[in-house]
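Summary of structural features
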Amino acid sequence: MNLDWLDAFLISGLFSVVIIIGLGLLLHLQLGLARIANFGVVGFFGIGMYAFGVMFVKVDWPFSEVWAFFISLAFGTLVAGLSGLLVGWLIADLDEDGVLVGTLGFATAVLILATTEQDLTGGALGLGGLKFPYDIGSVKANEFLWLIIVTTVVALILLYVGRVHRSPYGRLLIAVGANEPLARSLGKPAFRTKLWLFAVGSAGMGLLGALFGVMVRFLDISNLGIDVTLAAMVALVLGGTARVWGAVIGGFLTIGLFEIVVQSYIPFPQGWYGQAIPVVRQMVFGATLIVVLLFRPLGILGDMRRDKLMRSMHGG
Amino acid sequence: MVAEAKEQQPPAARPQIKVEKAVKSFSGRVVVDIDELVLGDQPIEGLIGPNGAGKTTLMRMIMHSTPLDQGTVTLYPSGINGEGIVLSALPTHRMARHGVVKSNQVIMDFDKLTILDSLLLAVAQHKYEQPQRIFDEKRVYDESAARIHEYLEFFAFGDPTQFAGSAGEKKLLDIVRCLLLEPRFLLLDEPTAGLPEELTEKVMQLIRDLAATGTAVVIVEHDLSVIWNLSNEVHFMAEGNVVMRGSPQEIRKNKTVIEKYLGEGHV
Ligand SMILES: Nc1ncnc2c1ncn2[C@@H]1O[C@H](COP(=O)(O)OP(=O)(O)O)[C@@H](O)[C@H]1O
Ligand SMILES: [Mg+2]
């Protein structure tokens, strides 16, 4: 396959966009529907990444690498899901401030663990040895295929989120978010609903973390910073917190614009790339978040339109 | 065959609720203090009393949507001589499963959800509301559309795919949600407050029909004509306790009630 037309920068840029969209979509279920502001996205992402990586690299697998890969992937997803269950249990009855502190604290704990448990994670030195579960030739070809695979996974997440909006489950999430006491009085177990929402969402975030780890092939604690959470949140809020396509549109407009257009086509001095650009990015994202929340709090797409949806499903 | 067998069964006894040694205070002030109270002797029971007597708080204690300081609330699904379920040991969301349902005095609604959403939420069974069940909307709708539309037409709701607009519409929606849960013990906290007369009539008609099929109803209402009209029995509550009970006629005649609460004009 001739991939000369494809810039390695473009692959990694698109890959970031796709990952952030995936995280934004999962965050949408929590923040947009159930109105739980999860500030620990990167914690679940990181736990999935490291659980997968450590399992794959450190265990002496008796069978083929492909099997080891998929077992480790399932393990990472599961561990992230379980941590979501635990965090969900801790925060489900807390108010907004409690949720903020709890989820943020969890993400910090993950970062600290990854840094201090050097024997397992490599600590600040990082953990190498991850690889794709296939080899189709050049590095570029392998990365391109991985981009396509992960894009498919995120497309499936998008499909799932769209179905949730059109299902009794989505209605339950919206109800619990809008008026929890009323939902309870109608027989809805609000606590358990939030718990499972967190478990499923976190498992998905963990899976994305593991898939991300495969692409970078070297786990580094710099991937566990708050900027991942911030990116997913800015993308979602800019696009539309309550809308299915919010994270997708927001993802392209934030990470997409920044990683691909700005970094590739604007001639920054070479020296900026290592230090200055990530800081600039963080500042731009923070400012974007503030501006959106001030002037268009529901994002570009605006509010949820249940009236339209109901008419299309049950009208006429 | 099955239907015949069902018809021959005697109608199930009405459920009853017993409140024992129940105390509730807010910031040190005792608001409800009931030694013993049995609800559901009669099909429809009125609960009246001055503002702040604790009627709403008592109903919320029964639903366990406010925790009790002490005491117990027990549901007897087939009458006081049968087996009991301690409601005050259960979380609020379990009440509906036991048929205990309450409407709200203050308007409660889900913003973002349409009228139809709200009603489908009420009827949807738990098994359809799981993260992995993403293809069940049609099933939930088909199972309950007939019942839902019956109510929508009865109350002449507008387009159900729209949001409830007026306060009255939200109040009715609250009642219809309750009815869709197929209550066996229904607590109504000022259900007709703010409703126009013809809708009040319709709500009363539904309550009567429901009581006739074996559901126990307890109703709090400031519009006393509704109470005198509907109730088979009236509890008079003052300062956190039921101080008197009797037939509507007895309560209406009673001097204390008249002085404390009704004023001559109401009788
Ligand atoms: N959540 C609450 N916090 C503090 N005080 C309350 C609360 N709910 C009710 N009260 C007080 O309890 C008393 C009884 O209120 P309520 O049960 O609403 O009376 P009623 O329904 O009979 O008018 C009132 O004095 C009210 O102010
Ligand atoms: Mg009241």
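Check the entry above for the structure.
Residues numbered from 1 in each chain as written. Chains lettered and ligands numbered in written order. Predicted model: local features only at pLDDT ≥ 70, side-chain atom pairs only at ≥ 80, totals over all residues. Heavy atoms only, no water.

What follows is about unusual backbone geometry. Residues and elements named next belong to chain B. Positive phi outside glycine occurs at Lys21, with the angle close to 45 degrees. Looking at the secondary structure, you find Lys21 in strand E1 (residues 16-26). A positive phi angle, near 50 degrees, is found at Glu190, a position not held by glycine. Its location among the elements puts Glu190 in the loop between strand E7 (185-189) and helix H6 (197-212). (Helix = DSSP H or I, 4+ residues; strand = E, 2+ residues; numbered from the N terminus.)

Looking at helix H13 (residues 306-314) of chain A, one finds that the buried residues are Arg306, Asp307, Leu309, Met310 and His314 of chain A. Looking down the long axis of H13 of chain A, one finds its buried residues gathered within 160 degrees of arc, a one-sided arrangement. More than 90 degrees from the buried face of H13 of chain A, the exposed residues found are Lys308 and Ser312 of chain A. The inward-facing, buried residues of H13 of chain A abut helix H6 (139-165) and helix H7 (168-178) of chain A together with helix H3 (115-123) and helix H4 (137-154) of chain B. (Buried < 20%, exposed > 50% of the residue type's maximum accessible area, 1.4 Å probe, protein only. Arc of directions from axis to C-beta. Contact = heavy atoms within 4.5 Å.)

As a further point, take the pairing of E1 of chain B. All names here are of chain B. Examined bridge by bridge, E1 and strand E4 (residues 70-76) share 6 bridges and lie antiparallel to one another. For Ile17, the partnering residue across the bridge sits in E4 and is Leu75. With 9 bridges connecting them, E1 and strand E2 (residues 29-39) associate as antiparallel partners. Across the sheet, Ile17 pairs through a bridge with Leu39, a residue of E2. Linking two consecutive strands that pair antiparallel, namely E1 and E2, is a turn of 2 residues; a positive phi of about 40 degrees is found at Ser27 within it. (Pairing = 2+ DSSP bridges.)

Okay, the site of ligand 1 next. Residues and elements named next belong to chain B. Around ligand 1, the surrounding shell consists of Phe26, Arg29, Val31, Pro50, Asn51, Gly52, Ala53, Gly54, Lys55, Thr56 and Thr57. With respect to ligand 1, the backbone of Ala53 contributes an N or O atom lying 3.3 Å from an oxygen atom. One of the backbone nitrogen or oxygen atoms of Lys55 is found 2.8 Å away from an oxygen atom of ligand 1. When ligand 1 is considered free in solution it has 560 Å² of accessible area, and contact with the protein chains removes 64% of it. At the level of secondary structure, the elements contributing two or more residues to the shell around ligand 1 comprise E2 and helix H2 (55-62). Per-element accounting of the shell around ligand 1 gives the leading share, 3 residues, to H2. Residue composition of the shell around ligand 1, by class: 4 nonpolar, 5 polar and 2 charged. (Near = heavy atom within 4 Å. Polar contact = N/O pair within 3.5 Å; in protein donor to acceptor, adjacent residues only side chain to side chain. Areas by Shrake-Rupley, 256 points an atom, 1.4 Å probe, with all protein chains shown as cover. Nonpolar A, V, L, I, M, F, W, Y, C, P; charged D, E, K, R; others polar.)

Strand pairs in the sheet, formed through backbone hydrogen bonds, run parallel or antiparallel to each other. All names here are of chain B. Reading across from one edge, E6-E7-E8-E3-E9-E10 is the order of the 6 strands in this open sheet, with mixed pairing throughout. Two strands lie at the open edges of the sheet, namely strand E6 (100-102) and strand E10 (241-246), each paired on one side alone. Each strand axis lies, on average, 20 degrees off the axis of its neighbour in the sheet, ignoring direction. Pairing of strand E9 (residues 233-238) with E10 involves 5 bridges; the strand directions are antiparallel. Each residue of the ladder has a partner; that of Val234, found in E10, is Gly246. (Axes fitted to C-alpha atoms, helices over the stretch in contact; angles between N-to-C directions.)

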